[in-house]
There are 2 protein chains.
Amino acid sequence: MKRNVTVKTLAEQLNISIATVSKALSDSHEISAETKQRVLDLARTLNYERNPAASNLRSHRTSTIAVIIPDVANNFFSLAIKGIEEIARTHNHHVLIYQTHEDSAAEIAFTNSLISGRVDGILISVTRSAGNLAHFQSLIRQIPVVFFDRSIEIPDAFSITTDDYESAYQATRHLAEKGCRKIIFLQGLDRLATGQRRLRGYLDALNDSGLEQLQPVALAANTDPQLIRDGIRQAIIGEKPDGVLSSIEEFVVPCYYVCRELGIDMPGALKLVSFSNLPTAPLLHPALSTITQPAFEMGRVAASCLFQILHKREVDLLSLPGLHSQLIERESSALV
Amino acid sequence: MKRNVTVKTLAEQLNISIATVSKALSDSHEISAETKQRVLDLARTLNYERNPAASNLRSHRTSTIAVIIPDVANNFFSLAIKGIEEIARTHNHHVLIYQTHEDSAAEIAFTNSLISGRVDGILISVTRSAGNLAHFQSLIRQIPVVFFDRSIEIPDAFSITTDDYESAYQATRHLAEKGCRKIIFLQGLDRLATGQRRLRGYLDALNDSGLEQLQPVALAANTDPQLIRDGIRQAIIGEKPDGVLSSIEEFVVPCYYVCRELGIDMPGALKLVSFSNLPTAPLLHPALSTITQPAFEMGRVAASCLFQILHKREVDLLSLPGLHSQLIERESSALV
DNA sequence: CTGTTAGCGCGTTCAG
DNA sequence: CTGAACGCGCTAACAG
């Protein structure tokens, strides 16, 4: 194994001091253009790569950010990561990925392992089992954090979301216009601000449409399929709705099965709109319209926001581009 | 800002040496159980977190691996990442993500930035524009690398793939049994070993079915949609096939459009089977059967392989579970 | 079983 | 504009 090339190697070969090399490599203004060039040239020919550990240890900068999400293999989150990675790259930063699988203990473990200086900042879409408000309150005082999509209510926390209220409102109005008189809301994010906003949009729309206000159907945050199905069945039998607004995609399929069991004609007797980020979902489920989030854009915006913070710029959240969900109706969707 | 707690803090409070603390924290066999416990207890109460940069600088271990893939927002790769992340977690390792977007210059830049000790090992699914064999040959001598799915032919390189040959063979036989007499092959990975294996499976199947051997249709590796469509149109007009085997999913939609333009009835006059990892694809395209890769499993196996290497174990590739693609026919696919 | 010593490679003083 | 010296926090080697 031949010895790695370090600043020392460069310094010796050029007969200058280590400090000069270091400064030249960071493009310091106190080094002459000529010296810089000589250093850079040699660095290139020797394939010098700065040792990140040493650099980090000394400078407390890691050029790394972390992304914590429930699940990578989910169309929404993988698109968000894609956007985040692209922005990170333009800032010469590396991206670490962590999956919580909706387990808030894992979430806490990850964030704790990150505050020891492994990353410069964190992008997070919180677990829906959440509830550890105190943990996040302490976290954001220790390291820059930007919440995206799934946020929790913390004053002074940066948080990038779409127009959850507005899209739930519009979707509900849409159902009402299609003739639905009794619309239920399947709530899957009741502990998150995101879910609360969607709920308010739904309730206000019912009100403005002169429709009956119903209790949201709060379904178990854990992922026991049987519990979810039972909850939906109970709600459908009890309320006999002709419209459903689902706050997360996960309820769509169980809802179908329940209706099939109960002999309910889905496009006819019961219309369903779901927040969903599988763009092809309307194609799969003829009776389904979806509210699709701009996941890729959201990743980009959230990452940009984080880098603004890291660069110690004043973050003007209002200057960031607005993010709007899109209601995709079954009727309007063509092949691909 | 209050000072961070380090091994020194722990050592002082417990009146033992720094080295003892360090050893206790790494569960060294040369420390008594009692001392270990005292150290661990104090570490917990003080919320001690080991500084990863310092540890890495000294030990040359990073507890981090890198995953380099063409695109995160792709069902196959996001599932693979999911598997990788889960295995990495069981080994207490962190996962860095890089997207090449099929750009081999980016691929080279990423790998170069990683050999300076940022990660312990690399998992990579190479760009289809590949061709930089020499680069990878030098890379695998500098750092442990495991190729997955998209591999290139390098002796002594670890590479985890599915039964590409076999599945292309079976798919082609399947088409022949359905009555296809003239089956063309749309080649999208011609520079990769993966693509070569699929091609051989196709050719052998033609042979064994007593069908005419045709030149594979090599389509541009870059992603100009017009070029792809033109290539497909030319092949279909020229060869007048009644069956198509596509080596990548990307050609499916263009193929549809071309057939629509040419007035070719797709399930009837032309049957299509594609390597594809969108599990819902057969539902979307009534005429399409797919060969689906076990992406999640592949991620897990590739990561396990990498950790075996990192642990300096003899890697017995044969001991790893076999990975088999699955042919999903339109007829057999139910809703979700 | 525990402690002492000596760096890992880099960036930041401060002195020339 | 350049260089000498120090230490970031930790761990490997060696002594006791």
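Residues numbered from 1 in each chain as written. Chains lettered and ligands numbered in written order. Predicted model: local features only at pLDDT ≥ 70, side-chain atom pairs only at ≥ 80, totals over all residues. Heavy atoms only, no water.

Another point: the interface of chain A and chain B. Opposite the 45 residues of chain A that make contact, chain B presents 45 residues. Approximately 4000 Å² of surface area, both sides summed, lies buried where chain A meets chain B, with 61% of it carried by carbon and sulfur atoms. Residue A:D71 pairs with B:K82 through a salt bridge whose shortest N-O separation is 3.3 Å. Taken together, chain A and chain B are joined by 14 residue pairs in polar contact (both at pLDDT 80 or more). Put simply, the parts of the chain that give the side of chain A that touches chain B at least two residues each are α4 (52–59), α5 (75–90), β2 (94–99), α6 (104–114), α11 (252–262) and α13 (281–284) of chain A. Sorting elements by how many residues they give to the side of chain A that touches chain B places α5(A) first, with 7 residues. When the residues that make up the side of chain A that touches chain B are grouped by side-chain class, the tally is 21 nonpolar, 15 polar and 9 charged. (Contact = heavy atoms within 4.5 Å. Buried area = accessible area lost by both parts, 1.4 Å probe. Salt bridge = Lys/Arg side-chain N within 4 Å of Asp/Glu carboxyl O. Polar contact = N/O pair within 3.5 Å; in protein donor to acceptor, adjacent residues only side chain to side chain. Helix = DSSP H or I, 4+ residues; strand = E, 2+ residues; numbered from the N terminus. Nonpolar A, V, L, I, M, F, W, Y, C, P; charged D, E, K, R; others polar.)

Another aspect to go through is the protein's contact with DNA strand C. Among the 23 residues in the neighbourhood of DNA strand C, the closest are listed as A:V7, A:R58, B:K23, B:E30 and B:R58. Taking A:S22, its side chain carries an N or O atom lying 3.0 Å from a phosphate oxygen of DNA strand C. At 3.0 Å from a base nitrogen of DNA strand C is found a side-chain nitrogen or oxygen belonging to B:R58. The class makeup of the residues in the surface near DNA strand C is 8 nonpolar, 8 polar and 7 charged. (Near = heavy atom within 4 Å.)

Residues and elements named next belong to chain A. The full count for this structure, using the stated rule, is 26 salt bridges over all chains. E261 is paired through a salt bridge with R229; the nearest N and O atoms lie 3.4 Å apart. Residue E261 is found in helix α11, and its partner R229 is found in helix α10 (residues 225–239); the two are separated by 32 residues along the sequence. A relative accessible area of 27% means that R229 is categorised as partly exposed. Here the salt bridges share partners, and the residues they tie into one network are E102, R128, R150 and E250. (Buried < 20%, exposed > 50% of the residue type's maximum accessible area, 1.4 Å probe, protein only.)

So, about the UniProt feature "domain: HTH lacI-type" (unreviewed entry) in chain A. When the UniProt feature table is mapped onto this chain numbering, "domain: HTH lacI-type" (unreviewed entry) sits at residues 5–59 of chain A. For residues 5–59 of chain A, the helix share is 67%, the strand share is 0%, and the end-to-end C-alpha distance is 20 Å. (UniProt positions renumbered as here; feature names shortened; annotations may be inferred.)

Our next topic: the domain arrangement of chain A. Per the domain assignment, the segments making up chain A are domain 1 (7–57), domain 2 (64–161 + 295–321) and domain 3 (164–292). Each of domain 1 of chain A and domain 3 of chain A has a C-alpha centre, and the two are 60 Å apart. (Domains from an automatic or database assignment.)

This part is about the sheet that holds strand β11 (residues 326–328) of chain B. Residue and element names in this part refer to chain B. Overall, mixed pairing links the 6 strands, which are arranged β7-β6-β8-β9-β10-β11 in an open sheet. Edge positions in the sheet fall to β7 (217–218) and β11, since each has one partner strand and no second. Where strand β6 (residues 183–187) and strand β8 (residues 243–246) come together, 4 bridges link them in parallel fashion. Across the sheet, residue L186 finds its bridge partner in β8, namely S246. Contacting β6, β8, β9 (271–275), β10 (288–292) and β11, helix α8 (residues 164–177) runs over the sheet at an angle of about 170 degrees to β9. Of the strands in this sheet, β6, β8 and β9 touch helix α9 (residues 193–208), which is tilted by about 175 degrees from β6. (Pairing = 2+ DSSP bridges. Axes fitted to C-alpha atoms, helices over the stretch in contact; angles between N-to-C directions.)

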